[in-house]
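Spelled out, the chains give:
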Amino acid sequence: MLKPFIAVLLMALVTYLPRVLPLVLFRKEIKSTFIMSFLKYVPYAVLGALTFPDIFNSTGDYMTAIIGTIVALFLAFREKSLVIVAVGAIIAVYVSGLVI
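Residues numbered from 1 in each chain as written. Predicted model: local features only at pLDDT ≥ 70, side-chain atom pairs only at ≥ 80, totals over all residues. Heavy atoms only, no water.

A. Local environment of the overall build of the chain. For the chain, the helix and strand inventory stands at four helices and zero strands. Reading the secondary structure of the chain in the N-to-C direction produces α-α-α-α. Taking 2.2 N^0.38 as the reference for a compact globule, 100 residues should give roughly 13 Å; the C-alpha atoms of the chain span a radius of gyration of 21 Å, well beyond that estimate. In terms of overall dimensions, the chain has a C-alpha envelope of 55 × 50 × 20 Å along the principal axes. Put simply, the chain has 100 residues, and 11% of those count as buried. (Helix = DSSP H or I, 4+ residues; strand = E, 2+ residues; numbered from the N terminus. Rg over C-alpha atoms; globule rule 2.2 N^0.38 Å. Buried < 20%, exposed > 50% of the residue type's maximum accessible area, 1.4 Å probe, protein only.)

Here's what the structure looks like:
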């Protein structure tokens, strides 16, 4: 019974530390433009690194995944909404799956 309790405590600590450390370490406003610009793009970079490799394995066929990715990137660069980008990519994968 002691090992599961210690495991839960360690998991809670590991989950809680990354949330509280920035609040403790950065009490003052960050004035460095370099650090601010770095922190601005970190969520996008992490999200891309986590999701991008799985895109090519999601459909079972690399060609349809590449076509869907190209359509999604094109719509995103055209500054369309997230729903339009997702639906456009889904339609592109579906149509390319029928054709290929």
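B. Spatial organisation of the environment of Leu-23. Structurally, Leu-23 is set in helix α1 (residues 2-25). Distance from Leu-23 to Leu-13, taken between C-alpha atoms, is 15 Å for residues ten residues apart in sequence.

C. Seen up close, the side chain of Ser-96. Relative to the helices and strands, Ser-96 is located in helix α4 (residues 82-99). For Ser-96, a relative accessible area of 7% puts it in the buried group. Not counting chain neighbours up to four residues away, the residues in contact with Ser-96 comprise Thr-64 and Ile-67. (Contact = heavy atoms within 4.5 Å.)

D. Local environment of a nonpolar patch on the surface. Taken together, the side chains of Leu-2, Phe-5, Ile-6, Leu-9, Leu-10, Leu-13, Leu-17, Leu-21, Leu-23, Val-24, Leu-25 and Phe-26 define a hydrophobic patch exposed on the protein surface, amounting to about 1,200 Å² of accessible area. Residue position: Leu-10 is located in helix α1. (Patch = residues over 30% accessible without salt bridge, like charges linked within 9 Å, V, L, I, M, F, W, Y side chains within 5 Å. Areas by Shrake-Rupley, 256 points an atom, 1.4 Å probe, with all protein chains shown as cover. Salt bridge = Lys/Arg side-chain N within 4 Å of Asp/Glu carboxyl O.)

E. Looking closely at unusual backbone geometry. A positive phi angle, near 60°, is found at Glu-79, a position not held by glycine. In this fold, Glu-79 is placed in the loop between α3 (62-77) and α4.

F. Seen up close, α1. Between its terminal C-alpha atoms α1 stretches 33 Å, which fits the 34 Å expected from 24 residues at 1.5 Å a residue. Its maximal kink placed at Leu-17, α1 deviates by approximately 35°, while the proline Pro-18 follows within four residues. (Expected span 1.5 Å × (residues − 1). Bend = angle between axes of the 7 residues up to and from the residue.)

G. Looking closely at the packing of α3 against α4. Interhelical geometry of α3 versus α4 gives an angle of 150° and a closest axis separation of 8 Å. As summarised for this structure, α3 and α4 are arranged roughly antiparallel, according to the angle between their axes. For the pair α3 and α4, the sense of crossing is right-handed. Seen from α3, the contacting residues are Thr-64, Ile-67, Gly-68, Val-71, Ala-72, Leu-75 and Ala-76; seen from α4, they are Ile-84, Val-85, Gly-88, Ala-89, Ala-92, Val-93, Ser-96 and Gly-97. Across the contact of α3 with α4, the residue classes tally to ten nonpolar, five polar and no charged. (Axes fitted to C-alpha atoms, helices over the stretch in contact; angles between N-to-C directions. Parallel < 35°, antiparallel > 145°, perpendicular 65-115°, else oblique. Left-handed = near helix turned anticlockwise from the far one by under 90°. Nonpolar A, V, L, I, M, F, W, Y, C, P; charged D, E, K, R; others polar.)

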